[in-house]
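One-letter residues, chain by chain:
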Amino acid sequence: MLGTKHWRNIVGSFFISLGIYVLNNISGVNFDNEYLIYYGLIFFGVYQTYKYSNKLSLLPNWLVYSVSLIISVVLFLSISFSLYGNLTLLKSNKVATIICIFSLGLLVKNICLIVLNLFAKDSLISDKEEYVSWKRIFSILVLCWLIYFLPYLPGSIAGDGNYQLAEYFGYVNDAMSNHQPYVTTLFEGVIFQIGRHINDNFGLFLYAVIQIIITATIYSYCIKKLSQFRLKRIAVYSLTFLVGLLPYWSLLAPTLQKDTLFIAFFGLFVINVLEVIDAVMIRNKPVTNKLVLKLIITGLLVSFWRNNGIVEVLPTLIALVLIANRKYWKKFLVASIIILGIYGSFEKIVMPSLGIVPTEKREAFALPMQQTARYMKYHADDLNSVERSELRKTFYNYKKLGELYNPYIADSVKVDMRLDFDTATYLKVWVSMGIEHPITYLQATFGGTYLYYSPQIRANSFVWCAEISDYARDSRIKINQFAPKKFRDAFTVLITNIANFPLVNILINDALCVWVSLLMFLVFIYKKKYALAIPFIPIALNVLVCIASPVDGLNRYSGCIVFTSYCIALLFGLWIKQIGNVEQGKAAREDK
């Protein structure tokens, strides 16, 4: 006879399957009797999640259920927005909504526990360091990336890369600005210019080769460092082939755009943070000046390679000052001051002396302007005279904001915003409008950000950057890819299908990595190992930066999360084992 536990699992599986059926129906997906096998497979799969979700308890049930419920709400709302662009599903049928959200919550709860159990295992941890050659990792990455490089020779350029080249060579009418970080424009332009002495194609090829070497070196170093944390060779080589073969880093490597190196620098910075935490909290080793210097260098690279990079670096270092071993707080404080001093001096002294125009302040107002535009789309008649007057001073034509509004991208609204608008006045009006229609603001916020934290079935690959973008492309830069377009298109379709293949689409899912990182973070917070939670700070800050960005779901903004999440997840089991050993030792001492 089946025991109570089995019956509970069967009932739970039935409820979740019912919820999926209801969700399909209210979403407009019709599965009739001939698709009963579909639900049979769902039931079987869900039952298996119950079977494997209770092996290890790292978090209390109330916390797991709370997080799972939040994720299920996010998933449900994202389905509604992807179908209708609003909260239609939430309002359609309250009973059906409740069934869907709670059934999704139960399923997510099981998946959360399985993920934690998977990473908490020490099966990937060796009793001693298993040596892996840095040169071998580097060779594997380069050889794998060549598969993606050769069809697109002499290389690829993203839209921002086109603009930066045009800006560097003086093809843009405006003065050179820091809208695209000046350091990155200089770096890309100088290398391209050297190769341009032969021709433009060789300029792009030279840049692509140099960038492949730099990024392969960085990822090889990061993976090599992970192996020194006593990871087994299978874990090291698995991560190496993931970075080498998946259409993510492999397509970025030969593409001229700032984000390729930013994602690599971000991973390098987090690896250095992991090295500090491991030395202080796990191995009880000193934090050397060499390690602090590496933190400073990588922190500066992250800060200079993207305008919001400093926001992700400084809070992390401040956390090291406040939380990590107090013996080294002065070193971390000095590192923070040096980074802030160099970055601030460059922004306030060097760039003005060179005539570099700073970033427009409207870049930071993507979310408020989207909320304003959605308000104008649905509630324009509710504006009072004061609000109309102030909006007229803020936008060139505020009455057209509703027409310009696109829930997923703020660029069309941004160009209508005046460069010299009064920040305080606009924010005052923005607040008053939000108080009047808060749900509209919430919908604008969710609709413009949910792809960063709601896992989607379609993969977050970088297939889009494989070609030479037409955006901001200047005709005076003569570049053409060698392979016939039909061949390139066929290859692009192939790697797109690979990226969306089940399991592969999970491995390169930015939003999924966000939730996995949150779960691991909560484990360390719950166990009061606050220092071990520090490596998650740059990931969390990157998510906030993405939320404030003008485009929803653009993985060149969030792409740095994936590799760093992998790195932390591979160390998670080691750190959990160490925490367990400490707790067992403490319990043994208390028994005596």
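What counts and what doesn't
- Residues numbered from 1 in each chain as written.
- Predicted model: local features only at pLDDT ≥ 70, side-chain atom pairs only at ≥ 80, totals over all residues.
- Heavy atoms only, no water.
- pLDDT = per-residue confidence, 0-100.
- Contact = heavy atoms within 4.5 Å.
- Axes fitted to C-alpha atoms, helices over the stretch in contact; angles between N-to-C directions.
- Helix = DSSP H or I, 4+ residues; strand = E, 2+ residues; numbered from the N terminus.
- Parallel < 35°, antiparallel > 145°, perpendicular 65-115°, else oblique.
- Left-handed = near helix turned anticlockwise from the far one by under 90°.
- Nonpolar A, V, L, I, M, F, W, Y, C, P; charged D, E, K, R; others polar.
- Buried < 20%, exposed > 50% of the residue type's maximum accessible area, 1.4 Å probe, protein only.
- Polar contact = N/O pair within 3.5 Å; in protein donor to acceptor, adjacent residues only side chain to side chain.

J.: Explanation requested: the confidence of the model for the chain in the structure shown.
T.: Reading predicted coordinates in detail is not appropriate for stretches of low pLDDT. For the chain, per-residue confidence averages 86 on the pLDDT scale, and 88% of positions sit at 70 or higher. Across residues 31-41 the pLDDT falls below 50, and counting only partners more than four positions away or on other chains, this stretch makes 8 contacts in the model.

J.: Would you mind going over the packing of helix 6 (residues 134-149) against helix 9 (residues 200-227) with me for this structure?
T.: Two quantities define a packed helix pair, namely the angle between the axes and the distance from one axis to the other. Interhelical geometry of helix 6 versus helix 9 gives an angle of 140° and a closest axis separation of 9 Å. By the criterion of interaxial angle, the relationship of helix 6 to helix 9 is oblique. The handedness of the crossing between helix 6 and helix 9 comes out as right-handed. Of the residues that constitute the contact of helix 6 with helix 9, the class distribution is 16 nonpolar, 3 polar and 1 charged.

J.: What is the right way to look at the environment of Pro358 in this model?
T.: Residue position: Pro358 is located in the loop between helix 15 (329-354) and helix 16 (366-379). Residue Pro358 is classed as exposed on the basis of its relative accessible area, which comes to 56%. Through-space distance from the C-alpha of Pro358 to that of His179 is 6.9 Å; in sequence the pair is 179 residues apart.

J.: Would you explain the side chain of Ser68 in this entry?
T.: Within the element layout of this structure, Ser68 appears in helix 3 (residues 61-84). You can call Ser68 buried: its relative accessible area is 1%. Separated by 3.3 Å, the side chain of Ser68 and the backbone nitrogen of Lys109 make a polar contact. Residues within four places of Ser68 in sequence aside, it is in contact with Gly105, Val108, Lys109 and Cys112.

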